Amino acid sequence: MSQLFGFAGSDDFNSGGTVYTNPKDTSLFLPLGHHVDLYYPSRKRSRVSVPFIFDGGMFEPKKQTSIEVLPDECLFEVFRCLEGQERSACACVSKHFLNLLSSIRREEFSHVKVTETVISESVEETEGDGYLSRSLEGKKATDVRVAAVAVGTATRGGLGKLSIRGCNSSRKVTDVGLKAVGRCCPSLRVLSLWKLSSVTDEGLCEIAEGCRQLEKLDLCQCPGITDKGLQAIARNCPSLTDLTIESCGNIGNQGLQAIGQSCANIKSVSIKNCPAVGDQGIAGLVSSASYALTKVKLQALDISDVSLAVIGHYGKSVTDLSLSSLPNVSERGFWVMGNGHGLQKLRSLAVTSCPGATDAGIKSVGKGCPNLKQLSINKCAFLSDNGLVAFVKFSAALESVQLEECHRITQFGFFGSLLNCGTKLKAFSLVNCMGIRDLTAETPLPPSQCESLQSVSIRNCPGFGDGSLAFLSKLCPQLQNLEFTGLQGVTDSGLILVLEMCKSGLVKVNLSGCTNLSDRVVMEMAEHHGWTLETLNLEGCSRITDASLVAIAKSCLLISDLDVSRCSITDGGVGSLAASSGLLGLQVFSVSGCSMVSDKSFKSLVKLGQTLLGLNLQHCSAISSCTSELLVEQLWRCDVLY
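Fair warning: this is a prediction, and the values are worked out from it, not measured in the lab.

**Student:** Please explain the pairing of strand E5 (residues 190-194) as it appears in this structure.
**Tutor:** Strand residues, when the strand is regular, have side chains that alternate between the two faces of the sheet. Of the pairings in the sheet, the one linking strand E4 (residues 159-165) to E5 comprises five bridges and is parallel in character. What sits directly across from Ile164, in E5, is Leu193. Pairing of E5 with strand E6 (residues 216-220), which is carried by five bridges, proceeds in the parallel orientation. Note on E6: the bridge partner recorded for Val190 is Lys216.

**Student:** When you look at the side chain of Glu524 in this model, what are you seeing that I'm missing?
**Tutor:** Positionally, Glu524 belongs in helix H19 (residues 519-529). Although buried, Glu524 forms no salt bridge, and the nearest oppositely charged side chain, Arg520, lies 5.2 Å from it. With residues up to four places along the chain from it excluded, the contact list for Glu524 reads Ile496, Leu499 and Glu500.

**Student:** Mind showing me how you'd approach the packing of aromatic side chains here?
**Tutor:** One pair of aromatic rings is described through two measures. These are the centre distance and the angle between the planes. Summed over the entire model, instances satisfying the criterion amount to five aromatic pairs. Ring geometry for Phe414 versus Phe428: centroids 5.1 Å apart, planes at 70°, classification edge-to-face. Note that Phe414 is positioned in helix H16 (residues 411-420) and Phe428 in strand E14 (residues 427-431), a separation of 14 residues in sequence. Phe428 shares its class with Phe414; the two are buried. Judged by centre distance (6.3 Å) and plane angle (70°), the rings of Phe414 and Phe464 are edge-to-face. Taken as a pair, Phe414 in helix H16 and Phe464 in the loop between strand E15 (455-459) and helix H17 (466-475) lie far apart in primary sequence, 50 residues in all. Summarising the burial analysis for this pair, Phe414 and Phe464 share the class buried. Members of the aromatic cluster, joined through ring pairs, are Phe414, Phe415, Phe428, Phe464, Phe471 and Phe484.

**Student:** Looking at this model, I keep getting lost on the side chain of Asp201. Mind explaining?
**Tutor:** With respect to the helices and strands, the residue Asp201 is situated in helix H8 (residues 201-210). Buried Asp201, no salt bridge; nearest opposite-charge side chain is Lys228, N-O distance 5.9 Å. Among residues more than four places away in sequence, those in contact with Asp201 are Gly224, Ile225, Thr226, Lys228 and Gly229.

**Student:** Hey, could you run me through the pairing of E14 in this one?
**Tutor:** When you tally the buried positions in E14, you get four out of five residues, the bulk of the element. Pairing geometry for strand E13 (residues 400-404) and E14, over five bridges, is parallel. Paired with Gln402 across the two strands is Ser429, which belongs to E14. Following the backbone out of E13, through H16 and into the adjacent parallel E14, one traces a crossover that is right-handed. In terms of strand pairing, E14 meets E15 through five bridges, oriented parallel.

**Student:** Teacher, can you tell me more about the pattern of salt bridges here?
**Tutor:** When the charged atoms of two side chains with opposite charge come close together, those side chains can pair. Under the definition given, this model contains six salt bridges. Notably, a salt bridge pairs Arg189 with Glu215, separated by 2.9 Å at the nearest N-O pair. Of this pair, Arg189 sits in the loop between helix H7 (175-184) and E5 while Glu215 is found in the loop between H8 and E6, placing the two residues 26 residues apart along the sequence. The residue Arg566 makes a salt bridge to Glu539 at a minimum N-O spacing of 3.6 Å. Of this pair, Arg566 sits in the loop between strand E19 (561-563) and helix H21 (571-579) while Glu539 sits in the loop between strand E18 (535-537) and helix H20 (546-555), and the two are 27 residues apart along the sequence. Assessed through its relative accessible area of 28%, Glu539 is described here as partly exposed.

Here is what the cut-offs are and how they apply
Residues numbered from 1 in each chain as written. Predicted model: local features only at pLDDT ≥ 70, side-chain atom pairs only at ≥ 80, totals over all residues. Heavy atoms only, no water. Pairing = 2+ DSSP bridges. Helix = DSSP H or I, 4+ residues; strand = E, 2+ residues; numbered from the N terminus. Buried < 20%, exposed > 50% of the residue type's maximum accessible area, 1.4 Å probe, protein only. Lys, Arg positive; Asp, Glu negative; His and termini not counted. Salt bridge = Lys/Arg side-chain N within 4 Å of Asp/Glu carboxyl O. Contact = heavy atoms within 4.5 Å. Phe/Tyr/Trp six-rings, centres within 6.5 Å; stacked < 30°, edge-to-face > 60°. Right-handed = clockwise from strand over helix to strand, strands pointing away.

In structure tokens, the structure reads:
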């Protein structure tokens, strides 16, 4: 056998190559075929490592030799010497390695001064500001993933923005994950934590210690975080500019006071539904950050008139103020805030569901905020015409007014505001105001005109009708944007008066839900404003037919957005638009719910599709699914809904 295999003893098994002396002589073996041969590695006998050793007549397990058996202290020193990509590779080996790597602060790595500088410079060229952004949501939000993000981004320029939104799964983000971020991500500037019931002050304190460049912090539904965590942020993160707290029941006055005292650059604060926050917290924050704070939003808080008084006196830099669902703030609070003379820079005011927003309170705010440009009042049941008109009189810089569900506001308050406003008012909106009634034909003509108003929106105010439109047409001749939606009392005759009196040319018109309008209105609009009209919404105007599309195709060459959903449109109307497609620049076209548009419009829609970016064919029962699929293929640049 030794001669057959060429075995010479010792460690030599075969010299390599074929085992046959003569490859063509196969008589010594079973016939395997002329093309079969065997090859062995040269000169060395194969060595096999098995997990058992035979000793004394029995098998014993062989001890495995691995780096895993090293104590954590040794692994720590090994990992400290690794460079960026090597650390990332080690983090992928096991959770144990990942946990160890995430426990090492960046300054503890041996190569951090040399390597990280080069890496950050290279990332700066591709990322813009040199920092990465990561988001973990739902089941992906776990400690392991957070640690992996922390370790991985540390070698690629550093993590700048992290958003974690948890869920109710058993594997949640805890303090362990936040500790990894705090130790590995000193460049973190923006942190958002939502629905993390297992995160406590311990994790947030680690963030405060390690992420001293933090600028924006958003905490939502984190019941384990208290004033202690917020105080740690205040002590260690002096660059904090933006703070949002929502539904955190254990954050109270002390945390907010600490932010005001230590974060001199705080500019924006939003606090919602935090029952432990009271007047002391708001007062301490606003008074301490008087010259930096520009945006304040308070919603669903147990605060009183004291907080508004402090805002009115110390809010010297506040430009945006939003007050919502403050049941304990009375008329006195708004009155004192307005008379505090501290809101000289206020530009935008939004008040929602505040019983203290009465005529006297709103009037006082108007006096004390001479530079106010935007006013939004929603669901304030005690505001009437007198308060609204008085506010507008005092607010000479006012540019925009929006009123929603203010049922004590009537047509006299609306038109009285337009008659008494300054020369800068550009937009006025009424939404779901049930106190609006139509003006009669005997209403005298307005003594002056509101030349500045460019946009008017009346939505779902059923009392608004042709009489009000007639008065509006004479009062506001420079309108460019009209939104009259859900107004059953508006007919052709009333709207045509507005179309004839507008001198500047209408740009955007929304008449959805005005079921009493017909083709006559669209024809007049195309004739007088076709040279400027860009957007037209006729959804639900069932009396609109193909004649309107013919007029639009002929005169409205600038139109880019057209909605005729649930109108009486047929294939002929679509064809008329397609015939002028070379002149039109239509980008969005909706015929949703038009039952008379069928497969015959296929060619017309393809022709329109040369410029379309969006096409809505939903609920078009006469268009088959096959045609819809063909349109999707043909109009590959267009987003087709069917």
